[in-house]
Amino acid sequence: MTQKEQENFLKNAILIVDHTKNALIALVDLDLQNKSLTFEQFLNKNRHEAYHLCYNRGKCCQCVPSYMLPSGRIIYPAQLEILYDKLSPKLACHGRILRLRAMPPVCCSLAQTGISTNILDISLARCILTNFCHEVFWYSCLQFKGKSLEDFLNLNKHTIYHLLNNNTRCCLCPSGFVFPCDRPQIIQTEWNNMFSSLMLPCTNDRKRSYNGTTSICSVSATLGISIHHIDLKLQNVLLQYCCPLRKSVIDLVEIRNVRYGHVQEARMSDADYKQVFQEIENNLKAIASVCGNIGEVKQKLQDLQNRTLDETLCLQYQNSLLDHLRCVNDIQDNIEICCKEVKTSVRKLGKDFSKKMSKLANEQTVKAVATEVKIRIPRKLDKYYMQSRRQQRTVQHSVAKLARQCHDKSKEVEQQIDSVVESIGDFKTNMDTRLDTIDNSVEIVSKNVEEFEKCLPEIVEKCIDEKGLTMLDIDNHSKENTFVTTSVVSTCVQLLKDNNVLVLTGRAGSGKSRNSLEILRQYKVIGFDVIKLSDLKDFEDSFKGDVETILLCEDIFGRTNNVFTQNSDVEILDRVHACVNMGKTKVIFTIRDIVKRSCKWVFSTYRLFYKSVEVDLCSKELELKLEEKKALFVRYCHVNNFKIIGLNEQENFKDEVILDDKVTVKLNVITLNQVIKTEPILGFPQTCCLFTGNRKFTRLGESFFKHPSSCLTEEIENLRKSGKENVSDKIKYSLLVYILLNGDLLDKNQINSNQMSEIIISCYHNSANYFYLISTCN
C-alpha cells in the first residue's frame, strides 16, 4: 500500500463522514427553518411515524384502525433512542390498556430535551429527509426555481407517464429507451387528477387512440393544481423519480455505503479517488445551492484537495527548516571568528614592525660611533687601524646588507599593513552601505506600515458597510420569516436576466425594500456578489469589473424629496452605465413614487435608464391580492404572538392587558377579513408590521388600517396654521379642502374660482382675491 493511496482513502473518508453529513444536516435545518420549528418540536410532531419506522409488526397506542404499518424496518431501536427519551411521560391511553404496557419503552415518547440536528449521522439524516421532509424537496423543485406545480408536472410528464405505463413506449421515448421500473408506481385515477386532455394527439398516436388510452402528447397538467391536491404517498413517488435534490441525497448515501462502509482495505487509487470526489462534489454543490452556502462548501472542498495528510513529509519539511536555520547560525559564527583573526593579525604585524625599526636605529648609531672613534684614535693606532680596515669594511658591508634587508622587509610589512587597512576600509564601506540600505528599507517599510494603518480602518469600515451589512440585512430578512413571496420577485428576477437595470417603485411601505432583499438573496445563491448602497457616491469603491455583481441602490434619489445633484451625480451615473455595459453588473434602483415624479426628468434624460425596466408595486397587475394580504398578515401575527381564533371565541385586541408582549393577542376571522380588505395610505406590508409590532397600534383595531396616521393629520394641521401667515401654504390647504369637497378629484384646467374664494374666506376669515393669491404664489 503506497502513502498516496492511503492519503486518498483518508481524504475520501473525511469527504464522506464530515462533508456529506454536514450537507444532509444543512438540508434538515433548511426544512426546519421553512416550517419555523425547532428540531425537538419537529420530532414530537412526527413521533408516531418515526416509532413505526422501527417497530412495524404491531400497532401502538396512537394508531387509528385505518393506519397502515410500513412494510419494512427503516431504523433500529438504538437509533430511535438517540432521538426520543424512553423515560418521558406517556399518553393517557398507554397506561389504561393492559396490553400496551408491554410495548417498547419508546412508544409515544417525547423527543430528547434540547436535542439539535448535530446529533444526526448520515443514516438518520437520510431517514428523516426521505420520510418527513417532503416540503424541502418541493421547495427545491418549485419556490427555489420560481416554478409552480403545474410547471413541474409538465416538465416531468414523460417520467410520470411511465410511472403509470412502465412497459409501454410512447411518442416521446428515444430509441432504445427502457424506463428503470419493473411495475406501475401510480394508478389511472392519480394520473387523471394530475393531467387533463387539451388537444389532439400527435400524428403517430392518432392511429391507436381508438383503444381508449390517453396519449402523452395530448395532455398537460391540470390548471391551478397544487401540492395539497396530491396525497402524501403520491408525493413520495413523484419526488423519488423527479426531484434532483432527493436523488443527490440518495446518491451520497449510496457512495458512503459502497466506497466507505463496505470496502475491503484502507486504500484508494488516484483514478477511483478522482471519480468519487467528482460525484460527491456535484451532489454537495447541488445541496449547497438550495441551502444558500455554495461558497462555503466550495472553499471546504478546495481546502481538502490542497491539504496534506502525510506526517512523514511534514517532519521532513520541519527538519529541513531546522537545518537551514542551523547553517545560517554557523555562517554568522564563522564571520565573527574571521573578524577576530584579522584584528589579531593586524596587532601582531604592528609589533613586528616596531621591533625591526628599533633594531635598524641601533645599527645606525653603532656606525656613527665607529666614525667618531676613528677620528679620535691616536696616530699610533693607525697601523692597527689599517690592518683591521679590511675587517671594518667587511663589517660595514654586512651592516649595509642588513640595512637593505631591513628596508626591504619594512616596505613589505608596510604594503601588507596598507593592504589590510584597505581591506578593513572596504569592509567598513560595504557594511556602511548595507546599513544605509537597511535603514532606508526600514524607513520605507515604516512609512508603508503607517500609511496602511491609516487606510486600514477606512478599508475595514467600507468593507463592513458594503458587504458585511448587506449580508446582515439579507440574513435578517430571511430569519424574520415575515416575507411572503409574490409574483413581484419572480417578475423582477426574470426582467433582470434580459435587462441589467431595474427601477422598483411604489408608495412608502409597499414592500420595495423587502422584495429587493429577496432578489439579492436569490442572486447570492447563484454566485453573485451582492452590495447595498444608500449613497450613489459609494459606487466607485464597490465596483469590481471581473466579478458578477448586483447592486441595490436604495432611495439614493431621496426618501421624501428629490436630492439628486446634476453637477456631481451625473458623472457617477455615466460610470454606472459604463459598468453595466460590461455585462457583469446589474443594478436595482428603489424609489418612492412621490420622489420619482419630482425627478422624472432624470429617468428620461440619462442613457443609463434608456433600456431599464420599471416595476410599480402599486400597479393593478402587481398589487397584493387578498390571499397574499392574508398570508402576509398571518405571518406577522405568528412572529409577534398573535392568534387567529374562531367566530365563537372572544377577542382581546382592544384590552389594555395586551400591552404586555407575553400576552397572546386574539383576533377572529371577521376582523382578519376586514383588515385584508383595507388599502392603507402607508402601504399594507408596513402597516401590518406596525400593527403587530406596536401593541398601542394594535388596540386601534381595523381602524388603524383605514384612517391616516397621526403624523399625516399633524402635518395637515400645521399647514393650516401656517396658512394664516404664509400665502403659499394658505393656497395649499385650501386646495386640499377643494379636492375633498369635489370627490378627491382636481382638474387644474377647470378650477371653480368662486368655490375656492369661498373656501379661503371660510378657512381664514378674509376676502382676499383668489387670483391675486395665485399670482403671488407663482
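By convention here, each chain's residues receive numbers from 1 onward along its written sequence. With the structure being a predicted model, the display of local features is reserved for residues of pLDDT at least 70 and the display and counting of side-chain atom pairs for 80 or more, all residues being used for whole-chain, interface and lining totals. Only heavy atoms go into the side-chain values, all of them from the structure, while hydrogens and water stay out.

Concerning the packing of aromatic side chains
Only the six-membered ring of Trp is used, alongside the rings of Phe and Tyr, when aromatic pairs are assigned; centres must lie within 6.5 Å, and planes under 30 degrees apart are stacked while those over 60 apart are edge-to-face, with the rest tilted. Under the defined criterion, the tally for this structure stands at 18 aromatic pairs. Measuring from centroid to centroid gives 5.3 Å for tryptophan 138 and phenylalanine 152, while their planes differ by 80°, and the two rings are edge-to-face. Placement of tryptophan 138 in helix H7 (residues 134-141) and of phenylalanine 152 in helix H8 (residues 149-155) is noted, with a sequence separation of 14 residues between them. Phenylalanine 152 gets classed as buried once you look at its relative accessible area, which sits at 4%. Where tyrosine 161 meets tryptophan 191, the ring centres are 5.8 Å apart and the plane angle is 70°; that geometry is what we call edge-to-face. Here the residue tyrosine 161 occupies a position in helix H9 (residues 157-164), and tryptophan 191 occupies one in helix H10 (residues 188-194), the gap between them amounting to 30 residues. Counting every residue linked through ring pairs, the aromatic cluster contains Phe633, Phe642, Phe684, Phe691, Phe697, Phe704 and Phe705. Counting from the N terminus, the helices are DSSP H or I runs at least four residues long and the strands are E runs at least two residues long. Think of it in three bands: with a 1.4 Å probe and only protein chains considered, a residue is buried below 20% of the maximum accessible area for its type, exposed above 50%, and partly exposed in between.

A look at unusual backbone geometry
In this structure, serine 36 is a non-glycine residue whose phi angle is positive, near 60°. Within the secondary structure, serine 36 is located in the loop between helix H1 (3-35) and helix H2 (39-45). Backbone geometry at cysteine 108 places phi at a positive 55°, although glycine is not the residue there.

Describing the packing of H1 against helix H15 (residues 294-306)
Packed helix pairs are characterised by how far apart their axes lie and by the angle those axes make with each other. Interaxial angle, 0 to 180 degrees, is taken between N-to-C directions of lines fitted to C-alpha atoms, where a helix line uses only the stretch in contact. The interhelical angle for the contact between H1 and H15, taken along N-to-C directions, is 160°, at an axis separation of 10 Å. It follows that H1 is roughly antiparallel to H15 by the angle criterion. For the pair H1 and H15, the crossing hand works out as right-handed. Residue-level contacts link Lys11, Ile14, Leu15 and His19 of H1 to Lys300, Leu301, Leu304 and Gln305 of H15. Split by residue class, the contact of H1 with H15 holds four nonpolar, two polar and two charged. Note on terminology: angles under 35 degrees are roughly parallel, angles over 145 are roughly antiparallel, angles of 65 to 115 are roughly perpendicular, and the others are oblique. Helix crossings are classified by the rotation of the near helix relative to the far one: an anticlockwise turn of less than a right angle makes the crossing left-handed, while a clockwise turn makes it right-handed. A contact between two residues is defined here by any heavy atoms of the two lying within 4.5 Å. In this classification, Asp, Glu, Lys and Arg are treated as charged, Ala, Val, Leu, Ile, Met, Phe, Trp, Tyr, Cys and Pro as nonpolar, and every other residue, Gly included, as polar.

Notes on the sheet that holds strand E3 (residues 501-506)
Whether two strands pair comes down to DSSP finding at least two bridges between them. The five strands lie next to each other as E4-E5-E6-E3-E7, forming an open sheet whose pairing is parallel. If you trace the sheet from one side to the other, it starts and ends with strand E4 (529-533) and strand E7 (613-616), each paired once. Here the strands of the sheet are splayed against their neighbours by 20° on average, with no regard to which way each runs. Note that E3 and E7 share four bridges and pair parallel. The partner of leucine 502 across the bridge, within E7, is valine 613. The strands touched by helix H20 (residues 512-525) are E3, E4, strand E5 (549-554) and strand E6 (585-592); relative to E6, the strand with the most contacts, the crossing angle is about 170°.

Describing the state of the cysteines
When two cysteine sulfur atoms lie within 2.5 Å, the pair is treated as a disulfide. Under the defined criterion, the tally for this structure stands at zero disulfides. Cysteine 63 carries a free sulfur, and the closest cysteine sulfur to it, the one in cysteine 60, is 3.7 Å from it.

Looking at the nonpolar core
Among the nonpolar cores identified, the biggest contains 90 residues, and Leu153 and Met194 are the most heavily contacted of them. The greatest single-element share of this core, amounting to 10 residues, is contributed by H1. Discounting residues that sit within four places of it in the chain, leucine 153 has contacts with Ile160, Met194, Phe195, Ala221, Ile225 and Leu238. Leu496, Leu502, Val530 and Leu552 belong to the second largest nonpolar core, which has 22 residues in total. Nonpolar cores were defined as sets of buried Ala, Val, Leu, Ile, Met, Phe, Trp, Tyr and Cys residues, with membership established by side-chain atoms within 4.5 Å.

A look at the pairing of E6
With eight of eight residues buried, E6 lies mostly within the body of the structure. Neither face of E6 is open: one carries Thr585, Val587, Phe589 and Ile591, the other Lys586, Ile588, Thr590 and Arg592, and all of them are buried.

Some remarks on the pairing of E5
The element E5 is extensively covered by neighbouring structure, given that six of its six residues are classed as buried. Side-chain alternation along E5 places Thr549, Leu551 and Cys553 on one buried face and Ile550, Leu552 and Glu554 on a second face that is also buried. Strand direction decides the pairing type here: E5 and E6, joined by six bridges, are parallel. The residue bridging cysteine 553 from the neighbouring strand is phenylalanine 589, located in E6.

Brief notes about the environment of serine 88
Looking at the element boundaries, serine 88 is found in the loop between helix H4 (77-83) and helix H5 (92-96). Taking relative accessible area as the criterion, serine 88 reaches 9% and is therefore assigned buried. Here serine 88 is in contact with Ser109 and Leu110, once residues within four sequence places are set aside. By the criterion applied in these results, polar contacts are pairs of N or O atoms within 3.5 Å in which, for protein atoms, one can donate a hydrogen and the other can accept it, and in which residues neighboring in sequence qualify only through two side-chain atoms. Looking at serine 88, its side chain comes within polar contact range of the main-chain oxygen of aspartate 85, at 2.8 Å. At 2.9 Å, the side chain of serine 88 and the backbone nitrogen of leucine 110 are in polar contact.

So, the pattern of salt bridges
Here, a salt bridge means any Lys or Arg side-chain nitrogen found within 4 Å of an Asp or Glu carboxyl oxygen. Inspection of the entire model under this criterion finds 10 salt bridges. Here lysine 35 and glutamate 135 are joined by a salt bridge, their closest N and O atoms 3.0 Å apart. Of this pair, lysine 35 sits in helix H1 while glutamate 135 is found in helix H7, placing the two residues 100 residues apart along the sequence. Here lysine 35 falls in the partly exposed class, since its relative accessible area comes to 22%. Residue glutamate 135 is classed as partly exposed on the basis of its relative accessible area, which comes to 44%. Of the charged contacts, one joins lysine 532 and glutamate 554 as a salt bridge, the two residues approaching to 3.1 Å between their closest N and O atoms. Of this pair, lysine 532 sits in strand E4 while glutamate 554 sits in strand E5; the two residues are 22 residues apart in sequence, bridging distant segments of the chain.

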